[in-house]
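Coordinates in review
Given next are the chains, with one letter for each unit.
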Amino acid sequence: MAASIVKRVNRVKKLNVSHISARYKFLTGSRHFSTSKQWNKALVLGVYENESTDSIDFTGTARKFDEKADGQISQLLLTVKKPLKCGKTRTLHAVDPEFSSVLVTCIGKRGEGYDELETVDKGRESIRAAVAKAVLQLRELGENEIEVDSCGDTEASAEGCHLALFSYDDLKAEKSRKPAVRISCATRYSQDKNSMEKEWRKGAILAEGQNLSRRLMEMPANLLTPTKFAEIVKEQLADKCEVLVRDKDWAESMKMGSFLSVARGSVEPPVFLEIEYKGRQSDSPLALVGKGVTFDTGGISIKPSQGMDAMRGDMGGAACVAGSLLSVSKLQLPVHVKAFIPLCENMPSGSATKPGDVVTAMNGKTIQVDNTDAEGRLILADALCYSEQFNPSLILDMATLTGAIDVALGAGAAGVFTNSENMWNKLQKASVRSGDRVWRMPLFNHYTKKITECQLADLNNIGGSRSGGACTAAAFLKEFVNNKNWLHLDIAGVMSNSGDVAYLGKGMSGRPTRTVIEFINLMSKETNN
Ligand code: BES
Ligand code: ZN
Ligand code: ZN
């Protein structure tokens with residue numbers, strides 16, 4: 001095999017002869033090959049899509065590497081006729097003594113940016129996907145130290161690799177786990193290494209937040225109980241945030257009858273988490289609220305068993321809150337955030353809430369529980385009420401709330417219900433940068449009427465028919481919010497990834513953690529948060 005590579009190298013015209021013989025020696029030293037650590041080093045270089053068959057449109061970094069290698073990379077690439085298309089890769093071996101593999105990945109057309117119909121920055125998205133594919137291919141080859149081209153957007157490049165390399169295999173035998181890979185940014189030819197490293201670190205931290213969300217969502221519900229969720233969050237955040245773990249008695253004293261009505265079917269005790277990050281002094285924190293149902297069986301209105309295992313991810317809202325806080329605190333954003341996470345299991349049992357039962361939320365409103373599977377809104381009702389006590393400048397809640405939002409938007413975007421045009425614009429802007437999209441949905445009175453029509457109580461928890469299910473759920477939550485800047489994100493449709501997002505593997509997605517971090521970053525630039 002080594003000989004055939006050398007043959008190919010020889011075929012390349014204009015190649016420096018002394019270089020070839022040096023390379024040949026390099027290749028035949030097979031013992032050296034298997035024992036030297038150096039051989040596990042690989043490099044990812046970006047190229048732009050280019051129709052020409054006699055030139056390669058390299059990124060700045062890639063061009064420098066090619067120059068240093070006496071043009072070998074471009075010449076090898078040009079030995080085949082077909083130019084690289086966006087998302088495609090070529091792997092070269094033995095073109096540089098330092099790297100056993102040099103993988104060239106195509107990052108799309110030069111100068112691509114905001115796409116209005118797609119509501120996404122295409123350039124950044126292509127970079128994420130291209131480097132993701134590259135590092136995964138190199139990991140397959142056994143490379144364990146990979147230097148990656150910034151591709152003109154260091155942050156996006158770092159996000160792509162760190163998100164792609166995530167895998168939750170803690171519960172598997174050592175030999176079935178994905179090997180660890182060290183990645184770094186190829187900064188050696190950069191004019192300003194420091195700012196490049198800084199950008200790289202920011203991208204890595206954004207991905208790290210999302211990866212925490214993914215890990216929490218993926219964990220099986222027998223291991224990730226409400227109590228364990230609180231423990232992990234404490235462990236992850238305690239050095240940067242204040243974490244208060246409230247128990248059932250506390251929730252009772254706060255009159256959180258709606259939250260407790262969901263928890264009562266399970267032997268696992270409920271937990272209410274209150275987290276504070278104070279990156280600046282302020283009297284009006286930004287409030288985050290996340291649905292933390294560690295398993296949703298549906299309760300007495302029990303779900304069909306097929307696919308029910310996915311309901312271990314029904315704490316996706318809570319996970320995204322935790323992931324966002326991890327990144328916000330690691331980035332030391334100058335912002336004051338308070339987070340509220342109601343955690344419980346939704347189980348059927350002799351002590352579970354029954355259809356038709358009436359419960360009372362913290363704000364005194366009574367709720368007829370017509371369907372115990374519509375439990376997310378019940379636990380959020382109390383959490384939203386409680387969050388209002390802290391004079392928040394805005395409230396953003398996230399919840400895997402309805403199957404209906406999945407029917408409406410699929411995994412294309414998280415559904416956003418908000419009473420503020422301004423907040424909507426900010427969140428949308430954040431999502432264009434992150435590539436993790438949002439789409440606005442209505443909060444019409446039309447839907448409110450469906451949930452206020454109730455035989456026994458002030459509200460019913462399902463809104464009559466199935467029509468507009470995501471909208472009636474949002475209308476229900478609206479009954480528990482007075483804040484003028486409220487955003488509700490229904491993230492049930494984006495809960496898991498089945499190949500839609502190229503740089504996220506299959507499984508729980510941790511979406512839209514990076515959008516929320518970016519949103520908080522935008523808000524930290526406003527004066528009063
Ligand atoms: N956790 C589910 C929603 C869900 C569905 C999340 C699919 C992730 C993927 C929620 O608690 C639920 O069961 N909602 C019901 C509401 C209905 C009974 C009004 C639903 O969407 O069917
Ligand atoms: Zn449910
Ligand atoms: Zn649920």
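Please read all numbers here as calculations on a predicted model, not as lab measurements. (Residues numbered from 1 in each chain as written. Chains lettered and ligands numbered in written order. Predicted model: local features only at pLDDT ≥ 70, side-chain atom pairs only at ≥ 80, totals over all residues. Heavy atoms only, no water.)

Structural notes on the pairing of strand β17 (residues 438-441)
Examined bridge by bridge, strand β16 (residues 414-418) and β17 share 4 bridges and lie parallel to one another. In the sheet register, phenylalanine 417 faces β17, and the bridge partner there is methionine 441. Each parallel crossover has a hand, and the one from β16 via helix α15 (residues 421-434) to β17 is right-handed. (Pairing = 2+ DSSP bridges. Helix = DSSP H or I, 4+ residues; strand = E, 2+ residues; numbered from the N terminus. Right-handed = clockwise from strand over helix to strand, strands pointing away.)

Structural notes on the packing of helix α7 (residues 154-164) against helix α8 (residues 193-218)
Two numbers describe how α7 lies on α8: the axes approach to 7 Å, and their chain directions differ by 35 degrees. Here the hand of the crossing between α7 and α8 comes out right-handed. Residues Thr154, Glu155, Ser157, Ala158, Glu159, Cys161, His162 and Leu163 of α7 form the contact with α8, whose own contacting residues are Met196, Glu199, Trp200, Lys202, Gly203, Ala204, Leu206, Ala207, Gln210, Asn211 and Arg214. Counted by class, the contact of α7 with α8 contains 8 nonpolar, 6 polar and 5 charged residues. (Axes fitted to C-alpha atoms, helices over the stretch in contact; angles between N-to-C directions. Left-handed = near helix turned anticlockwise from the far one by under 90°. Contact = heavy atoms within 4.5 Å. Nonpolar A, V, L, I, M, F, W, Y, C, P; charged D, E, K, R; others polar.)

Regarding the coordination of the zinc ion (ligand 2)
Each protein donor to the zinc ion (ligand 2) is listed here as Asp296 (OD), Asp373 (O), Asp373 (OD) and Glu375 (OE); together their distances run 2.0 to 2.2 Å. Taken together, the 6 donor atoms surrounding the zinc ion (ligand 2) define angles of 70 to 167 degrees at the centre, an arrangement classified as irregular. Taken in sequence order, the residues that donate to the zinc ion (ligand 2) follow the motif D-x76-D-x1-E. The distance between the zinc ion (ligand 2) and the zinc ion (ligand 3) is 3.2 Å, with aspartate 296 acting as a donor to both metals. (Donors = N, O, S within 2.8 Å, 3.2 Å for Na, K, Ca; no water. Tetrahedral: all angles 85-135°; square planar, octahedral: opposite > 155°, others 65-115°.)

Focus on the coordination of the zinc ion (ligand 3)
Within the first shell, the zinc ion (ligand 3) binds the protein through Lys291 (NZ), Asp296 (OD), Asp314 (OD) and Glu375 (OE), at distances of 2.0 to 2.4 Å. Around the zinc ion (ligand 3), the 6 donor atoms are arranged such that angles at the metal cover 77 to 174 degrees; this shape is classified as octahedral. Sequence positions of the residues that donate to the zinc ion (ligand 3) give the spacing K-x4-D-x17-D-x60-E. Judged by its relative accessible area of 1%, lysine 291 falls in the buried class. (Buried < 20%, exposed > 50% of the residue type's maximum accessible area, 1.4 Å probe, protein only.)

Observations regarding the domain arrangement of the chain
Segmenting the chain into domains produces domain 1 (41-191) and domain 2 (213-527). At the interface, 20 residues of domain 1 touch 18 residues of domain 2. For the pairing of domain 1 and domain 2, the buried interface totals around 1,700 Å² over both sides, and the portion due to carbon and sulfur atoms is 56%. Taken together, the connections running from domain 1 to domain 2 amount to 4 salt bridges. For glutamate 159, the salt bridge identified is with arginine 514, shortest N-O distance 2.9 Å. Where domain 1 packs against domain 2, one counts 10 residue pairs in polar contact (both at pLDDT 80 or more). When contributions to the side of domain 1 that touches domain 2 are tallied by element, the ones reaching two or more residues are β5 (120-121), α6 (122-140) and α7. Of the residues that constitute the side of domain 1 that touches domain 2, the class distribution is 9 nonpolar, 3 polar and 8 charged. (Domains from an automatic or database assignment. Buried area = accessible area lost by both parts, 1.4 Å probe. Salt bridge = Lys/Arg side-chain N within 4 Å of Asp/Glu carboxyl O. Polar contact = N/O pair within 3.5 Å; in protein donor to acceptor, adjacent residues only side chain to side chain.)

Section: the pattern of salt bridges
Tallying each qualifying case throughout the model produces 39 salt bridges. With a closest N to O distance of 3.4 Å, glutamate 155 and arginine 124 form a salt bridge. Residue glutamate 155 is found in helix α7, and its partner arginine 124 is found in helix α6; the two are separated by 31 residues along the sequence. Residue classification places glutamate 155 among the buried residues on the basis of a relative accessible area of 2%. Here arginine 124 falls in the buried class, since its relative accessible area comes to 4%.

A short note on the side chain of arginine 511
Topologically, arginine 511 is positioned in the loop between β21 (507-508) and α18 (513-524). Here the side chain of arginine 511 touches alanine 411 through a polar contact of 2.8 Å, landing on its backbone oxygen. Among the polar contacts listed, one links the side chain of arginine 511 to the side chain of aspartate 436, at a separation of 2.8 Å. Ignoring any residue separated from it by four or fewer positions in sequence, one finds arginine 511 in contact with Gln210, Cys320, Ala411, Gly412, Ala413, Asp436, Arg437, Ile491, Val494, Val501 and Leu504.

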